[in-house]
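A structural walkthrough
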Amino acid sequence: MKDDVARPVNSPVNELLVLVVEDEPKYADVLCAYLTRFNHVPRVIRDGSAVVSAVAEADPDFVILDLNLPGQDGLAVCRDIRAISDVPILMLTGRVTEFDRLAGLEAGADDYVCKPFSPLEIMSRISVIMRRARGVANVEPELRFADVALNEAQHRTSVGGQELTLTPVEFQLLRLLLSEPRRVFSRDDMASAAYRDARVVSVKTIDTHARNLRLKLESMDSVAGVQSVYGVGYKIDNHLDPA
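Here we summarise the structure given alongside this text. (Residues numbered from 1 in each chain as written. Predicted model: local features only at pLDDT ≥ 70, side-chain atom pairs only at ≥ 80, totals over all residues. Heavy atoms only, no water.)

Using the criterion set out here, one finds 16 salt bridges in the structure. Between Glu24 and Lys115 there is a salt bridge whose closest N-O contact spans 3.3 Å. Note that Glu24 is positioned in the loop between strand E1 (17–21) and helix H1 (25–37) and Lys115 in the loop between strand E5 (111–114) and helix H5 (119–134), a separation of 91 residues in sequence. In this structure Lys115 comes out as buried when scored by relative accessible area, which is 15%. Between Glu152 and Arg175 there is a salt bridge, and its shortest N-O distance comes to 3.6 Å. Taken together, the residues span a long stretch of sequence, with Glu152 in the loop between strand E7 (148–151) and strand E8 (156–159) and Arg175 in helix H6 (residues 168–179) at a distance of 23 residues. Here Glu152 and Arg175 have matching classes, each one buried. (Salt bridge = Lys/Arg side-chain N within 4 Å of Asp/Glu carboxyl O. Helix = DSSP H or I, 4+ residues; strand = E, 2+ residues; numbered from the N terminus. Buried < 20%, exposed > 50% of the residue type's maximum accessible area, 1.4 Å probe, protein only.)

This is the structure we're talking about:
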């Protein structure tokens, strides 16, 4: 199977170009077979050092990213992708500790699956993540608070008119917070907004996503900020206002 990341010409609109970043042939072959079966177009990359340039050139719809790679490890690859793209990333890992999983989320992954995995679960996760990335119908097209704006229809966010790049999970969390500024949302509220497949999501996972969102707003010098309310959850509020 050759490494090939060119987007096919005249492919159907609902067809996803999926980069499969996996150096183990048995996993890469299974993923490619199932992606093809689900009418997606898989392209395999086996070396971590080749991923970022492939993302920049091919503009894929989705990335399946193994954590342990030759050339450059998956965490570093994930951070480098996030520096140039908000493409959804599903991380594959053989590491089972919560610390390792949270490290993947902090690096910018939208979700993770542990090896060995069920190929059907991978297809389901892709579907759920893509629904989050594309937004949900019948909602307000734009939400605003202070200098932060979120356009649901265009799946765009900005701070002071400058584009803010978010992962699909971060986008849904910000959408929830902006729906009622200054309201404190529980972690359960946030988990339901971010993960629509009714899975059990740990408190630390939500805390990690909220922290990433807060840091991104701070990096844009936003007037608004994601604030933690001890023992309850999170809200978006003006930095100048008391928490």
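Looking now at empty space enclosed by the protein. Under the criterion given, the structure shown has 1 cavity of 30 Å³ or more. Estimates place the volume of the largest cavity at around 40 Å³. For the lining of the largest cavity, the elements supplying multiple residues, two or more each, are strand E4 (89–93) and helix H4 (98–107). No other element matches the 3 residues that H4 contributes to the lining of the largest cavity. (1 Å grid on protein atoms, 1.4 Å probe; cavity = no way out; pocket = protein on both sides within 12 Å on 5 of 7 lines; lining within 4 Å. Points joined across faces, edges and corners; volume = space filled by probe spheres on them.)

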